[in-house]
Amino acid sequence: WAAEFAASPAYAQYVLGQKQRPAPEANGLDLPPTPPPQRRGGFKQMTTLTRRYVRVISADRGYLLFMGLLPIILGALIHFVGSSAGLTGPPHSNQNAEELLLMLTICACLSGAASSVRELVKERTIYVRERAAGLSSGAYLFSKLIVLGVISIVQSALLVLIGLFGQKMPPKGAFLGIPLLEILIGIAVLSLASMCLGLLVSALVSTSEKAMPFLVLLTMAQVILSGGVVSLVGKAGLQQLAYIAPSRWGFGAVASTVNLNIIGVVAPGSSDPLWAQSSGNWLHDMGLLIALGVVFTLLAWLRMRRLGPRRRKA
């Protein structure tokens, strides 16, 4: 486009012709040259984009209704799965605890990824055009992270509070000492990491229609790689693949909070070291969830940097 414009008559008339004209004078005095327009800094761009994104979401009542009802419906379903034992009980007696925690984990993965998997690709044309005008890819991505991060945290809080309402809690947690707070933080961080994974997928695909099958694929993969459906202990390949699945560390964190190896009905040889109740396990899981979120975000940013007017079909 730039080459075509440079070879056009309009360029010769309005660009080269303007350069050849003498500088204007007023009363015999040369006017100071007009300073070039300054590009807005990344922080100002981010605040402007964040406000714009909030207004766009606020105007979409269907999206707001879906995002509001999703954690309420999922939380209600989880609540009815619970039993009188809740997340406590004598050793190796609570068969329901693993199912309850697994549903919390998978719902957090689903809601986090669902909120973001289309958010970059659906604005691809606008983004490419604004990149040509000087838009910072980092400011654009961070505006999405801020708004979607708040949505993910609110959804996680509703999911946990509704799902675990009235459920018995263990007497202590793994790190903070308050089991419900530990589970809420673990599910919130898991939802944020899944949201970052959804943004990465949205940055990689070329159309919104292609993003939705990936949402189903990622959700099903995280069900398997969480370690709650299929034991990953001693399974070479599958155990290593689970390192990049947020559900593996999110489920490990909440299982560590309730000491699932002790209260749950675990088959001989299937006890997972991540499920042991210890502050080291919980902090390790939280750290890896945060690290995965950072890696997913960095990869999405690198992809968004490559997108521009000359790569609009990429």
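Just so it is clear, the structure is predicted and the values come from calculations on it, not from any experiment.

1. A closer look at the overall build of the chain
Part 1 of the argument: Tallying secondary structure elements over the chain gives 13 helices and 2 strands in all.
Part 2 of the argument: For the chain, buried positions account for 44% of its 314 residues.
Part 3 of the argument: Pairs at least 24 apart in sequence give 74% of the contacts found in the chain among residues at least 6 apart.
Part 4 of the argument: For the chain, the accessible surface area stands at approximately 16,500 Å², while carbon and sulfur atoms represent 68% of it.

2. Overview of the side chain of Asn94
Part 1 of the argument: You can see Asn94 is positioned in the loop between helix H4 (61–81) and helix H5 (96–114).
Part 2 of the argument: A residue is classified by how much of its surface remains accessible, and Asn94, at 3% relative accessible area, is buried.
Part 3 of the argument: For Asn94, the side chain forms a polar contact with the main-chain oxygen of Thr88, separated by 2.9 Å.
Part 4 of the argument: A polar atom in the side chain of Asn94 sits 2.9 Å from the backbone nitrogen of Ala97.
Part 5 of the argument: The residues touching Asn94, leaving out its near neighbours within four places in the chain, are Ser83, Ala85, Gly86, Leu87, Thr88, Ile263, Gly264 and Val265.

3. Description of the layout of surface pockets
Part 1 of the argument: For the second largest pocket, the calculated volume is near 160 Å³.
Part 2 of the argument: Taken together, Leu145, Val189, Leu192, Ala193, Met195, Cys196, Leu289, Ile290, Gly293, Val294 and Thr297 make up the full set of residues lining the second largest pocket.
Part 3 of the argument: Listed by contribution, the elements that provide at least two residues to the lining of the second largest pocket are helix H8 (179–204) and helix H13 (279–306).
Part 4 of the argument: Counted by class, the lining of the second largest pocket contains 9 nonpolar, 2 polar and no charged residues.

4. A few points about the nonpolar core
Part 1 of the argument: Counting 72 residues, the largest nonpolar core has Leu87, Leu104, Leu159, Ile183, Ile187 and Leu260 as the members making the most contacts within it.
Part 2 of the argument: The element contributing the most residues to this core is H8, with 12 residues.

5. Quick notes on empty space enclosed by the protein
Part 1 of the argument: Taken as a whole and judged by the stated rule, the model has 1 cavity of 30 Å³ or more.
Part 2 of the argument: Around the largest cavity, the lining residues are Cys109, Ala113, Ser194, Leu197, Leu218, Thr219 and Gln222.
Part 3 of the argument: Among the elements that take part in the lining of the largest cavity, helix H9 (residues 208–225) stands out by supplying 3 residues, more than any other.
Part 4 of the argument: Partitioned by chemical class, the residues of the lining of the largest cavity number 4 nonpolar, 3 polar and no charged.

6. Details of a nonpolar patch on the surface
Part 1 of the argument: Taken together, the side chains of Leu65, Leu69, Ile72, Ile73, Leu77, Ile146, Val150, Val154 and Leu158 make up a nonpolar region of the molecular surface, amounting to roughly 760 Å² of accessible area.
Part 2 of the argument: For the nonpolar patch, the secondary structure elements donating two or more residues are H4 and helix H7 (137–163).
Part 3 of the argument: In terms of residues, the nonpolar patch owes the most to one element, H4, which gives 5 residues.
Part 4 of the argument: By relative accessible area, which is 47% here, Val154 ends up partly exposed.

7. Examining the environment of Gly89
Part 1 of the argument: Along the chain, Gly89 falls in the loop between H4 and H5.
Part 2 of the argument: Judged by relative accessible area, Gly89 falls into the partly exposed class, the value being 30%.
Part 3 of the argument: C-alpha of Gly89 to C-alpha of Lys168: the two residues are 79 residues apart in sequence and 9.0 Å apart in space.

8. Details of the packing of H7 against H13
Part 1 of the argument: Contact geometry for H7 and H13: axes closest at 9 Å, N-to-C directions at 135°. Relative to H13, H7 is oriented oblique. Remark: the crossing between H7 and H13 carries right-handed chirality. Here H7 contributes Ser137, Gly138, Tyr140, Leu141 and Leu145 to the contact with H13, which in turn contributes Thr297, Ala300, Trp301, Met304 and Arg305.
Part 2 of the argument: Considered class by class, the residues forming the contact of H7 with H13 number 6 nonpolar, 3 polar and 1 charged.

The rules behind the values
Residues numbered from 1 in each chain as written. Predicted model: local features only at pLDDT ≥ 70, side-chain atom pairs only at ≥ 80, totals over all residues. Heavy atoms only, no water. Helix = DSSP H or I, 4+ residues; strand = E, 2+ residues; numbered from the N terminus. Buried < 20%, exposed > 50% of the residue type's maximum accessible area, 1.4 Å probe, protein only. Contact = heavy atoms within 4.5 Å. Areas by Shrake-Rupley, 256 points an atom, 1.4 Å probe, with all protein chains shown as cover. Polar contact = N/O pair within 3.5 Å; in protein donor to acceptor, adjacent residues only side chain to side chain. 1 Å grid on protein atoms, 1.4 Å probe; cavity = no way out; pocket = protein on both sides within 12 Å on 5 of 7 lines; lining within 4 Å. Points joined across faces, edges and corners; volume = space filled by probe spheres on them. Nonpolar A, V, L, I, M, F, W, Y, C, P; charged D, E, K, R; others polar. Core = buried A, V, L, I, M, F, W, Y, C linked by side-chain atoms within 4.5 Å. Patch = residues over 30% accessible without salt bridge, like charges linked within 9 Å, V, L, I, M, F, W, Y side chains within 5 Å. Salt bridge = Lys/Arg side-chain N within 4 Å of Asp/Glu carboxyl O. Axes fitted to C-alpha atoms, helices over the stretch in contact; angles between N-to-C directions. Parallel < 35°, antiparallel > 145°, perpendicular 65-115°, else oblique. Left-handed = near helix turned anticlockwise from the far one by under 90°.

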